[in-house]
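Below, each chain spelled out in residue letters.
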Amino acid sequence: PTSLLWFRRDLRLGDHPALLAALDDAGPGGDVLPVFVLDPRLWRPAGGPRRQFLRDCLADLQQSLGGALVLRSGEPATVLPALVREVGATSVHVSADTGPYGRRRDAAVEAALGDVPLLRTGSPYAVTPGRVTKGDGTPFKVFSPFARAWRAHGWRAPAPRPETVRWLRDVASEDLPPAQDLGATRLPAAGESAALAAWDRFREELLPGYPDTRDRPATDGTSRLSAYLKYGCVHPRTLLAALPDDDRTAEAVRRFADELAWREFYADVLWHRPESAREPLDARAGAIEYDSGPGTEELWTAWAQGRTGYPIVDAGMRQLLGEAWVHNRVRMIVASFLVKDLHQDWRRGARHFLQHLVDGDLASNNHGWQWVAGTGTDASPYYRVFNPTRQGKQFDPDGEYVRRWVPELRDVPARFVHEPWLAPGGPPPGYPEPVVDHAAEQQVALARYEQVRSGG
Ligand code: FAD
């Protein structure tokens, strides 16, 4: 028999339980047909960097499969039943997708397959979203107790990489989608071996220092695994199982596993409340009024292009355009600036991020935005407004990060680099004065918050 393995966010061969299930199903004399469906509903809104990264991951997978990967584009509920008939497959295997679109799509595929089963084994998470609940069966709404229960629940050991697979060959495939024109944006190498190499380097060289360096945007102190995790070039279980177990790294290991737990928490929230990707989880804070009048577009453009006059905000937005990735600390700062200094709707910021980030992920991104906007579960309280100057001084004390991304500031002395408007003669040529006054806009944000809080 032939079983079909439909790759989605699991573009690897190691630690892949659905692959093992497909092999098992095919039996000793059977074949596995590896397929990827290019779904226009996911491809179109992804933005150039993610399309290119996905394309490169597919090229890498194609190579690992010795050319057996079959690419087809179209609606999965049409493409897959046709392919199943074409090769006479008796089952279709996947890693579960727990996002709102993926769930709807998979239900439609399942219905269209009729008697041929769609079998889900594993998911892109160490613990499949929905599994960890409070004692009374209701979902967690706050991170820390979720993380405790998630650790207590535990996860399986990594699945072994199969030694031999009989891939079904000579099934017609489309070509890889065309390369994207990314201008000057540079992306990391894609695919499973690049992910494992990045992981090995992080674990051996950077992990011990992670508690100290993870909040320093000028330092290469984090794993940069987010895009690989997004596309499943590596499974988080593989990472968790390979974390060292010694006193020297205990704190670093705890911090790193906590970050993976945030990823799992946000996926869990999205599983229980699929509308949370678009709707504020906290309805009261969600009622805050955002600006839309004259001047809004100019301010939006200043933010998106990295020309607000606040160095750390501008450096972050230019890093987004330059690398399709932004340091976590700076994601919080730029998001807070859009929502609380420019009073713009977090959903527009979230959409912009999803288009430009190579790791753009609905659960982590949109809930990250809700956290900053004060509308999410576990939200940073609305009245906590990031002060871009103070954040800059604290986390980029020498201005190394802002100088890297904002060349206009290269010659500004360190003491003015986060507030160049105070330098003698004002900001350097070509660099703007602040587009708004942070202290004044903070008061506006707080007043709007008071208004919805008091129901006024
Ligand atoms: P590391 O510090 O090495 O962390 C390891 C892994 O843990 C990351 O790869 C990621 O998978 C996970 N992780 C770390 N921090 C978080 C977090 N706060 N929330 C969820 N998962 C986390 N992450 C995305 O993967 N995709 C997004 O689209 C995304 N959008 C964000 C938007 C905003 C406004 C904010 C504040 C955060 C967002 N994050 C997003 C979370 C975080 O910024 C990135 O995961 C992190 O910067 C990736 O870099 P890294 O792999 O070097 O992280």
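Residues numbered from 1 in each chain as written. Predicted model: local features only at pLDDT ≥ 70, side-chain atom pairs only at ≥ 80, totals over all residues.

If you look the chain up in an unreviewed UniProt entry, it shows as Deoxyribodipyrimidine photo-lyase type I from Blastococcus tunisiensis. The annotation that UniProt attaches to the chain under Sequence similarities (unreviewed entry) is "Belongs to the DNA photolyase family." (UniProt positions renumbered as here; feature names shortened; annotations may be inferred.)

Ordered in space as β3-β2-β1-β4-β5, the 5 strands form an open sheet in which the pairing is parallel. The sheet is open, and its two edges are formed by β3 (70-73) and β5 (118-120), each paired on a single side. Ignoring strand direction, the axes of neighbouring strands in this sheet form an average angle of 30°. Looking at chain direction, strand β1 (residues 2-7) and strand β4 (residues 91-94) are connected through 3 bridges and run parallel. Residue pairing in the sheet places Leu4 in a bridge with Val92 of β4. Strands in contact with helix α1 (residues 17-26) are β1, β2 (31-38), β4 and β5; relative to β1, the strand with the most contacts, it is inclined by about 165°. (Pairing = 2+ DSSP bridges. Helix = DSSP H or I, 4+ residues; strand = E, 2+ residues; numbered from the N terminus. Axes fitted to C-alpha atoms, helices over the stretch in contact; angles between N-to-C directions. Contact = placed C-beta atoms within 7 Å.)

One can find Ala26 in helix α1. Residue Ala26 is classed as buried on the basis of its 24 C-beta neighbours within 10 Å. Setting aside anything within four residues of it in sequence, one finds Ala26 in contact with Pro1, Thr2, Ser3, Asp31 and Val32. (Buried ≥ 20, exposed ≤ 12 C-beta atoms within 10 Å, placed from the backbone.)

Take helix α17 (residues 362-373) next. Along an α-helix, residues three or four positions apart point the same way, because every turn accommodates 3.6 residues. With 12 residues, α17 extends 16 Å between its outermost C-alpha atoms, agreeing within 8% with the 16 Å of an ideal straight helix rising 1.5 Å per residue. Burial analysis of α17 places 12 of its 12 residues in the buried class, the great majority of the element. If you check which residues of α17 are buried, you get Leu362, Ala363, Ser364, Asn365, Asn366, His367, Gly368, Trp369, Gln370, Trp371, Val372 and Ala373. Those residues of α17 that are buried lie in contact with α11 (250-272), α15 (328-341) and α16 (346-356). (Expected span 1.5 Å × (residues − 1).)

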